[in-house]
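Summary of the model geometry
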Amino acid sequence: MAACWLLRSLSSNFSTVLPLLARSASLSPLQLASKPYFGRTLASSSRLSAALKFTDKHEWIRVEDGIGTVGISSFAQEALGDVVYCGLPEVGTQLAQQDEFGALESVKAASELYSPLTGEVVEVNTLLADNPGLVNKSCYKDGKYTHKRHSAVRGGYSDICMRHFRLMQELKQN
Amino acid sequence: MTRGTTALYKPEDVISLIAVEEERVVVEERAEVRQITRGSLLLTETIHCSGLVWCQSQMRGGQPLVEVVRLGLVSYQEALRLQQVYVNRHRSSPAHALLLCEHPPVYTTGIRHKPYPEPLLDRLRLLGANVHRANRGGLITFHGPGQLVCYPVLNLCSFKKSVRWYVDQLEQTVIALCSRFAIQATTSPHTGVWVGDNKICAIGIHCGRYITSHGLALNCCTDLSWFDHIVPCGIEGKGVTSLSAELRRHASVEEVVPHLLHAFTQQFNCQLTEAA
């Protein structure tokens, strides 16, 4: 089926990206088919899902005109618990993909944030300094954390990854 | 789904498996359920589905092995250096460790260090304690002789990839330990383990790429007057206590360690090993 072929070629791209994400090589790529089922999932969230790409560490990225906006997914904010502190980098900081650039604190646990993109930080969401709970309440809008001018996004994050995590979120809500 | 079944499943059946296994699910074409077990005895099998969604579950087998490392009385800085050694070990493959130690008197703060400016920290130094900033969660606390400090350096990929779950498990471990001493301990909206309004065990951890460090500090026979000089963990109106204070008899760190190890294996469903 055409849909399966398309997804297979996308998944082979994904497997070359995976080693760059510093995860164990045994992690297998995701291959999704089943258009009718996912058609239903995507239709309910198509506006959001068209714009975001997800990493395997549950960060989302939206890239527009060379500027990438980064945040964490609903799945991640739930796994963290109530965020009480958000430590973000200074504007102008140069980051490479996988660099540690900040931390979130929740339930007495400091969790490091790693940059999914290479680039320069051009804007930081200052709302989070006073209201870190936005990361939980509005993880896709007000809780987003940085904008970066990205100079390289290697391989690209497949939409398949995004669909996989949207599925997780749908399931968690059900 | 039971062992040995061969069946064709509809999407909702497969979805329940995805919900259990989360990221370990790989979606691949045409799989048939052969043999699935839950928990720690898991097998890799391809799952076939005549319907629309299919997946293959890839799971680990057996309980994780955790090495117990007894450090004795070490400075806070030395313990940080050793934790980093064990954190780095995880780079090649999971190598879980449980570091046990006591510290000479030291006050430590976490990543939220703004409430603790240098003048305040200098006043604490005048008391004869060391002072250190750490990259853990939680606010200011005290470590000293008579307090059992435990630093699990685990790779959460072998357990559950949720920091919230991990902290919860640490709390439950200590609650189970307290119950072995017939002490009723509880959790509260403030992370840590409490006996009434008094905290008996502080928790503050760090997690990077699913590797944990820092951990918990359980008062066994700690001199609690050290806590008078701070608002422990930034929580006003609450006190601190220790196992000795609750039991009204001396309970040493040595006496408590085996109980902690037992509670830990039960709560985390793991096996312990000690270096030769």
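Bear in mind the structure is a predicted one, so any value in this text is a computation, not a measurement.

**What about the pairing of strand β7 (residues 109-114) of chain A?**
- The buried fraction of β7 of chain A is high, at six of six residues.
- The two faces of β7 of chain A match: A109, S111 and L113 of chain A on one face and A110, E112 and Y114 of chain A on the other face are all buried.
- Sheet topology note: the strand β6 (residues 100-106) of chain A/β7 of chain A ladder contains six bridges and is antiparallel. Within β7 of chain A, the position partnered with A103 of chain A by the bridge is E112 of chain A.
- Here β6 of chain A folds back onto β7 of chain A in antiparallel fashion, the turn holding two residues, of which V107 of chain A has a positive phi close to 35°.
- Looking at chain direction, β7 of chain A and strand β11 (residues 198-208) of chain B are connected through three bridges and run parallel. When the bridges of β11 of chain B are listed, S111 of chain A appears paired with C207 of chain B.

**Structural notes on helix α2 (residues 76-89) of chain B**
Residue and element names in this part refer to chain B.
- Compared with the 20 Å implied by 1.5 Å per residue over 14 residues, the 20 Å span of α2 between its first and last C-alpha is a close match.
- Inspection of α2 places Y76, A79, L82, Q83, Y86 and V87 among the buried residues, and these make up the whole buried set. One side of α2 carries all its buried residues, which in axial view fall inside an arc of 145°.

**What about unusual backbone geometry?**
Residue and element names in this part refer to chain B.
- If you check the backbone angles, H214 has positive phi at about 55° while not being a glycine.
- With respect to the helices, strands and loops of the structure, H214 is situated in strand β12 (residues 211-219).
- In this structure H214 comes out as buried when scored by relative accessible area, which is 3%.
- At R248, a position not held by glycine, the phi torsion is positive, near 55°.
- Note that R248 resides in the loop between α5 (243-247) and α6 (253-268).

**Looking at the packing of aromatic side chains**
Residue and element names in this part refer to chain B.
- Overall, the coordinates contain eight aromatic pairs over all chains when judged by the stated rule.
- Summarising the aromatic geometry, the rings of F264 and F268 are spaced 4.4 Å apart at their centres and angled 25° between planes, so their arrangement reads as stacked. One end of the pair, F264, and the other, F268, are both in helix α6, four residues apart, so they sit about a helical turn from each other. By the burial criterion, F264 is buried, and F268 matches it.

**Regarding the confidence of the model for chain A**
Residue and element names in this part refer to chain A.
- On average, residues of chain A score 62 in pLDDT, and 53% of them are at 70 or above.
- Within the model, the stretch residues 1-50 combines pLDDT values under 50 with 79 contacts to residues more than four positions away or in other chains.
- Across residues 151-174, confidence stays below pLDDT 50; counting only partners more than four residues off in sequence or on other chains, it has 69 contacts.

**Observations concerning the UniProt feature "modified residue: N6-lipoyllysine" (unreviewed entry) in chain A**
- UniProt records the feature "modified residue: N6-lipoyllysine" (unreviewed entry) for K108 of chain A in the present numbering.
- Position of K108 of chain A relative to the elements: it lies in the loop between β6 and β7.
- Assessed through its relative accessible area of 11%, K108 of chain A is described here as buried.
- When residues no more than four places from it in sequence are discounted, the contact partners of K108 of chain A are G137, G138, T191, K199, I203, G204, I205 and C233 of chain B.
- Separated by 3.1 Å, the side chain of K108 of chain A and the backbone oxygen of T191 of chain B make a polar contact.

Criteria and cut-off values
- Residues numbered from 1 in each chain as written.
- Chains lettered and ligands numbered in written order.
- Predicted model: local features only at pLDDT ≥ 70, side-chain atom pairs only at ≥ 80, totals over all residues.
- Heavy atoms only, no water.
- Buried < 20%, exposed > 50% of the residue type's maximum accessible area, 1.4 Å probe, protein only.
- Helix = DSSP H or I, 4+ residues; strand = E, 2+ residues; numbered from the N terminus.
- Pairing = 2+ DSSP bridges.
- Expected span 1.5 Å × (residues − 1).
- Arc of directions from axis to C-beta.
- Phe/Tyr/Trp six-rings, centres within 6.5 Å; stacked < 30°, edge-to-face > 60°.
- pLDDT = per-residue confidence, 0-100.
- Contact = heavy atoms within 4.5 Å.
- UniProt positions renumbered as here; feature names shortened; annotations may be inferred.
- Polar contact = N/O pair within 3.5 Å; in protein donor to acceptor, adjacent residues only side chain to side chain.

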